[in-house]
Amino acid sequence: MDIPALRQQHPRHWMRAAAIRTLTLDAVAAARSGHSGMPMGMADVATVLFARHLKFDAAAPDWPDRDRFILSAGHGSMLLYALLYLTGSDQITLNEIRNFRQIGARTAGHPENFLAAGIETTTGPLGQGLANATGFAIAEEIQRARFGRKVVDHHTYVIAGDGCLMEGVSQEAISLAGRHELSRLIVLWDNNGITIDGPVALADRTDQIGRFAACGWSTHECDGHDPEDIDRAIGQAKETDRPALVACKTHIALGSAAQDTAKGHGALTDAGLIADTKATYGWDHPPFVIPPEIKTWWEEVGARGAEAHRAWKERLEALPARRQAEFRRILALATPPRLSPVIKALKKRASVEKQNIATRSSSELVLTALNPILPETVGGSADLTGSNNTLTGDLGVFSPENRKGRYIHYGIREHAMAAAMNGMALHGGVRPYGGTFMCFTDYARPAMRLAALMKLPTVFVMTHDSIGLGEDGPTHQPVEHLAISRATPNTMVFRPADTVETAEAWELALTATSTPSVLALSRQGLPAVRTRHHTRNLSAQGAYVLAEAEGKRRVILIATGSEVAVALAARDILQGEGVGARVVSMPCMELFARQEEAYRRRVLPAGPVRVAVEAGVRQGWDRWLSGERGRAAKAGFVGMESFGASAPAETLFAHFGITAEAVAERAQSLL
């Protein structure tokens, strides 16, 4: 690479981009860890993007109509932090740059969306940012169709590396984006040919440009170190009516002794190497020092969007008052006043009608009532619409022909579905929910974890939640999946027992603002257990007394979902034998754990035998059985200790001993 020629051809651009490179070198050296090579290689692309194309206002990084910039290659986080600092962020200061990767700093090893404005999404697990970006672009299309181009009119730009494109989720995402012709989505591929192990060719020979083209994308190429060529390619990408890939041919760790090597991917901390690299750049300033003329230029870049922001405010304020209020309401994640009365009415009707239906069907009843009053909901399914019951008649199907559609056919792409929903939630203006089988949370798991980490209210509708799905057998029967979801911090896992609890779960999921929800719903029909109407949302307490003991309370039976009816039947057996038994329904362990101890003590007092029943593994239950004033010697569990089997649901519950008789017998054995 002829660095002197680059410096001579574009001297001002070179030094502006060098500010990114040198801040990266200094921060990684101070931390003695990080990834230097990608920011050094993509600094030219980022400089052109921010200076000539990106619509943003550094003074208002949360402006709703800004262009979104997503660093999918999150290991190169110093690229983003340098850009935010240089353009005038009041949160990513020079002190934060100095404290890169240190405890309490906003400049974490990989970007975390909740640490600073301007970080659009949490990336690091490769491919996630690219899949999130698909959701950002979908949300932009839906909002533009609803509110008009005057208030919603922006692009989503993504920097992705070779690793992002190797991850399987990238194929799911780019094929989904291509199908939906998301023309506001532009991916800038850092085509440097290097991974941690060495050249990309060690493990991959994919024609990435051909791959994107085959998925319906417009493809473009540029020299990733020539600002004019970069500008040309991005400009062409913006003009296409399809999502666009710009393949930027770059050199990792540009200008250093580690250029174009695997070593260049990681932390370049050797003082001699850093000094030599800075000399190659023509940079003779102390660590972390940016010359005033360069910092001023970058701050002017950050301020250029202020006029566009001001004009946007005027256009928003020109909308009718009700449309303005609605636009602001959905961005604030506020729910309309009608939500609570509709939920209460649905619960009352369900408690009177006492239908025996699957909770997946209960969920459909709830969505049928709620989707018309919550125009921000966007539903979908990973090719299981008829099984997940996630489509209601008023939504319409999202497509290039119908941008107002609020239902997305994700195809068999659970991972991209979950990641795209996270992107929609991050973009704002929509409340996404999407369904698949509970067992296939395995495919969606990385994005579900990130939803929790990013504090997003994404709703994962997971049906066919146990061996109760029957004949499809153990490949489809989840036994460990409830425990996996419950083990994830900042996640609410709801397993409702009937229509009333399902309605309450949806109310809680749709009013959450910083916690994702997993709704575990049954395939098989379940009897109504909440037959006495309560206006209060009892599920909000996580657990509550559903049936009290008659006589002296000697046993407490705790259950979720389809096994609540089993527990009630076991109670009848025990009461018939003279043993007083209380039944506690526990639709959400996480919410119960948040309750004050006094309430938890009332529900689970010391003394009685405790038996939990759930058609899953025991992991996670011992807190409620042996903890919380319980004793291991007086605690039992009836559930699964193995994978399931292929048979009708009734046969399976009997075969695995998840019956009222087995529960009553276990309780008696502990007395």
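Cut-offs used in this document
Residues numbered from 1 in each chain as written. Predicted model: local features only at pLDDT ≥ 70, side-chain atom pairs only at ≥ 80, totals over all residues. Heavy atoms only, no water. Pairing = 2+ DSSP bridges. Helix = DSSP H or I, 4+ residues; strand = E, 2+ residues; numbered from the N terminus. Axes fitted to C-alpha atoms, helices over the stretch in contact; angles between N-to-C directions. Buried < 20%, exposed > 50% of the residue type's maximum accessible area, 1.4 Å probe, protein only. Contact = heavy atoms within 4.5 Å. Parallel < 35°, antiparallel > 145°, perpendicular 65-115°, else oblique. Left-handed = near helix turned anticlockwise from the far one by under 90°. Nonpolar A, V, L, I, M, F, W, Y, C, P; charged D, E, K, R; others polar. Salt bridge = Lys/Arg side-chain N within 4 Å of Asp/Glu carboxyl O. Phe/Tyr/Trp six-rings, centres within 6.5 Å; stacked < 30°, edge-to-face > 60°. Lys NZ or Arg CZ within 6 Å of the ring centre and 35° of its normal. Expected span 1.5 Å × (residues − 1). Arc of directions from axis to C-beta. Polar contact = N/O pair within 3.5 Å; in protein donor to acceptor, adjacent residues only side chain to side chain. pLDDT = per-residue confidence, 0-100. Right-handed = clockwise from strand over helix to strand, strands pointing away.

### Regarding the sheet that holds strand β12 (residues 492–494)
Taken in spatial order, the 6 strands line up as β9-β8-β10-β11-β13-β12 in an open sheet, and their pairing is parallel. Whereas interior strands pair on both sides, the edge strands pair on one side only; in this sheet they are β9 (407–409) and β12. Going from strand to strand, the sheet's axes swing by 20° on average, the running direction of each strand aside. Relative to strand β11 (residues 459–463), strand β10 (residues 431–437) is paired through 5 bridges, and the arrangement is parallel.

### Quick look at the environment of Asp 383
By the secondary structure assignment, Asp 383 is in the loop between β8 (377–381) and α17 (385–388). For Asp 383, a relative accessible area of 51% puts it in the exposed group. Spatially, the C-alpha atom of Asp 383 lies 12 Å from that of Phe 440, the residues being 57 residues apart in sequence. Ignoring anything within four residues of it in the chain, the contact list for Asp 383 reads Gly 411 and Ile 412.

### Examining the sheet that holds strand β6 (residues 218–223)
Taking strand neighbours across the sheet as the criterion, the 5 strands line up as β1-β2-β3-β7-β6 in an open arrangement whose pairing is parallel. Looking at which strands have only one partner, the edges of the open sheet turn out to be β1 (68–71) and β6. Neighbour to neighbour, the strand axes of the sheet diverge by 20° on average, direction disregarded. Packing of helix α10 (residues 227–239) onto the sheet brings it into contact with β2 (156–161), β3 (185–191), β6 and β7 (244–249), and relative to β6 it is tilted by some 170°.

### Describing the pairing of β1
Here β1 shows two buried faces, one formed by Arg 68 and Ile 70 and the other by Phe 69 and Leu 71. As judged from the 4 bridges shared by β1 and β2, these two strands associate in the parallel manner. Bridge pairing in β2 links Phe 69 to Tyr 157.

### Looking at the packing of helix α15 (residues 339–353) against helix α21 (residues 499–511)
The contact between α15 and α21 brings their axes to 8 Å, and the two run at 165°. Overall, the two elements α15 and α21 adopt an arrangement that is roughly antiparallel. Considering only the axes of α15 and α21, their crossing is right-handed. On α21, the residues that touch Leu 339, Ser 340, Ile 343, Leu 346, Lys 347, Ala 350 and Ser 351 of α15 are Thr 499, Val 500, Ala 503, Glu 504, Glu 507 and Thr 511. Considered class by class, the residues forming the contact of α15 with α21 number 6 nonpolar, 4 polar and 3 charged.

### Describing the side chain of Gln 128
As for its placement among the helices and strands, Gln 128 is situated in helix α6 (residues 128–147). Looking at Gln 128, the relative accessible area reads 2%, which means it is buried. Residues contacting Gln 128, with those up to four places away along its chain left out, are Ser 72, Val 169, His 415, Ala 419, Pro 446, Ala 447 and Leu 450.

### Thoughts on the pattern of salt bridges
Oppositely charged side chains may form a pair once their charged atoms are brought near each other. This model, assessed by the stated rule, comprises 35 salt bridges. Between Arg 495 and Asp 465 there is a salt bridge whose closest N-O contact spans 2.8 Å. Here the residue Arg 495 occupies a position in the loop between β12 and α21, and Asp 465 occupies one in the loop between β11 and α20 (481–486), the gap between them amounting to 30 residues. A single burial state applies to Arg 495 and to Asp 465, both of which are buried. Look at the salt bridges and you will find they share partners, linking Glu 140, Glu 141, Arg 144, Arg 149, Asp 153, Arg 184 and Arg 403 into a network.

### Examining the packing of aromatic side chains
Counted under the stated rule, the structure contains 15 aromatic pairs. A ring pair is formed by Phe 440 and Tyr 443, whose centres lie 5.7 Å apart and whose planes are at 50°; its orientation type is tilted. Here the aromatic cluster, defined as three or more aromatic residues joined through ring pairs, consists of Trp 63, Phe 147, Trp 312 and Phe 327. Above the ring of Tyr 281, the side-chain terminus of Arg 21 is found at 5.9 Å from the ring centroid. In this structure, Lys 455 packs its charged tip against the face of Phe 114, placed 4.7 Å from the ring centre.

### Focus: α10
Compared with the 18 Å implied by 1.5 Å per residue over 13 residues, the 19 Å span of α10 between its first and last C-alpha is a close match. Among all positions of α10, only Pro 227, Ile 230, Ala 233, Ile 234 and Ala 237 are buried. For α10, the angular spread of buried residues about the axis comes to 130°, placing them on one side. Contacts from the buried residues of α10 go to α2 (11–31), α3 (37–53), β2, β3, β6 and β7. Where α10 begins, the side chain of Asp 226 points an oxygen toward the backbone nitrogen of Glu 228, at a separation of 3.0 Å.

### Structural notes on the packing of α15 against helix α16 (residues 359–370)
Between α15 and α16, whose axes approach to 10 Å, the crossing angle comes to 145°. Regarding α15 and α16, the two cross each other, and that crossing is right-handed. Contacts between α15 and α16 involve Leu 339, Val 342, Ile 343 and Leu 346 from the former and Leu 365, Val 366, Ala 369 and Leu 370 from the latter. Classifying every residue of the contact of α15 with α16 gives 8 nonpolar, no polar and no charged.

### Comments concerning unusual backbone geometry
Its identity as a non-glycine residue notwithstanding, Glu 181 has a phi of 50°, on the positive side. Its location among the elements puts Glu 181 in the loop between α8 (168–179) and β3. Its identity is not glycine, yet Lys 455 carries a phi of approximately 65°, on the positive side. Within the secondary structure, Lys 455 is located in the loop between α19 (441–454) and β11.

### Topic: the side chain of Glu 628
By the element assignment, Glu 628 lies in the loop between α25 (622–625) and β18 (635–638). Relative accessible area serves as the criterion here: at 14%, Glu 628 is assigned to the buried category. For Glu 628, the side chain forms a polar contact with the side chain of Arg 600, separated by 3.0 Å.

### Some words on the confidence of the model for the protein
Here the protein averages 98 in pLDDT, while 100% of its residues score no lower than 70. For the protein, helix α1 (residues 3–9) is the element with the lowest average pLDDT, namely 93, and β3 is the one with the highest, namely 99.

### Quick notes on the environment of Glu 414
Mapped onto the secondary structure, Glu 414 falls in helix α18 (residues 414–427). Sequence-wise, Glu 414 and Phe 440 are 26 residues apart; in three dimensions their C-alpha atoms are separated by 7.4 Å. Glu 414 has contacts with Glu 172, Ala 382, Thr 436, Phe 440, Tyr 443 and Ala 444, leaving out every residue within four places of it along the chain.

### Section: the pairing of strand β13 (residues 517–521)
Across the 5 residues that make up β13, a large majority, 5, are buried. Because side chains alternate across β13, one face comprises the buried residues Ser 517, Leu 519 and Leu 521, and the other comprises Val 518 and Ala 520, equally buried. By the bridge criterion, 5 bridges tie β11 to β13 in an arrangement that is parallel. Opposite Phe 460, over in β13, you have Val 518 as the bridge partner. In terms of handedness, the path from β12 via α21 over to β13 forms a crossover that is right-handed.

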